[in-house]
Amino acid sequence: MVKVEAIIRHTRLEEVKDALDAMGVHGMTVTAVRGAGRQRGQTHRYRGAEYTLALVDKVKLETVVPDSVYETVVETIQRAAFTGEIGDGKIFVLPVLDVMRVRTGEKGDGALS
């Protein structure tokens, strides 16, 4: 199993969720996050004064999937989150040793569905 973490634009969340749902990935955690990458924040103008926000609002989407489908999941997220502009985000893939469903005690891939 692998955990796929995607840091994406909040405006692309619905597209990513719909694309994952269409391929059968239903379980996910979504968190509002702030961060900075290469773009180093955003410059805004308010009443003639310019100011810079050092951290940009993003969304972190996390899901755990079987090894056999993670590459497809990553490609699906990339396609759905893509705008072609700086700040589209990053996708991280991490190994997961085990998972357990709290209610039943079921372990492994069966606990994911």
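Residues numbered from 1 in each chain as written. Predicted model: local features only at pLDDT ≥ 70, side-chain atom pairs only at ≥ 80, totals over all residues. Heavy atoms only, no water.

S.K.: I would appreciate a short explanation of the overall build of the protein chain in the present structure.
M.R.: The number of helices and strands found in the protein chain is two helices and six strands. Taking 113 residues into account, the globule formula puts the C-alpha radius of gyration at 13 Å, and the protein chain, at 17 Å, lies well above it. Referenced to the eigenvectors of the C-alpha coordinate spread, the extents of the protein chain come out at roughly 60 × 25 × 20 Å. Partitioning the contacts of the protein chain with sequence separation of at least 6, the portion at a separation of at least 24 is 70%. In the protein chain, which carries 16 positive and 16 negative side-chain charges, the distance between the mean positions of the two groups comes to 8 Å. (Helix = DSSP H or I, 4+ residues; strand = E, 2+ residues; numbered from the N terminus. Rg over C-alpha atoms; globule rule 2.2 N^0.38 Å. Contact = heavy atoms within 4.5 Å. Lys, Arg positive; Asp, Glu negative; His and termini not counted. Charge placed at Lys NZ, Arg CZ, Asp CG, Glu CD.)

S.K.: What is the right way to read the nonpolar core from this model?
M.R.: The tendency in soluble globular proteins is for nonpolar side chains to be buried side by side. Ranked by internal contacts, the top residues of the largest apolar core, which has 16 residues, are Val4, Ile8, Val16, Leu20, Val65, Val73 and Ile77. Looking at this core, the element that brings in the most residues is helix H2 (residues 70-81), giving five residues. Residues contacting Ile8, with those up to four places away along its chain left out, are Leu13, Val16, Lys58, Val59, Ala81 and Asp88. (Core = buried A, V, L, I, M, F, W, Y, C linked by side-chain atoms within 4.5 Å. Buried < 20%, exposed > 50% of the residue type's maximum accessible area, 1.4 Å probe, protein only.)

S.K.: How should I be thinking about the side chain of Lys58 in this particular structure?
M.R.: Assignment of secondary structure puts Lys58 in strand E5 (residues 56-65). Of the side chains bearing the opposite charge, Asp88 lies closest to the buried Lys58, which forms no salt bridge; the N-O distance is 6.7 Å. For Lys58, the side chain forms a polar contact with the main-chain oxygen of Gly87, separated by 2.3 Å. Leaving out residues up to four positions away in the same chain, Lys58 has contacts with Ile7, Ile8, Arg9, Thr31, Ala32, Val33, Gly87 and Asp88. (Salt bridge = Lys/Arg side-chain N within 4 Å of Asp/Glu carboxyl O. Polar contact = N/O pair within 3.5 Å; in protein donor to acceptor, adjacent residues only side chain to side chain.)

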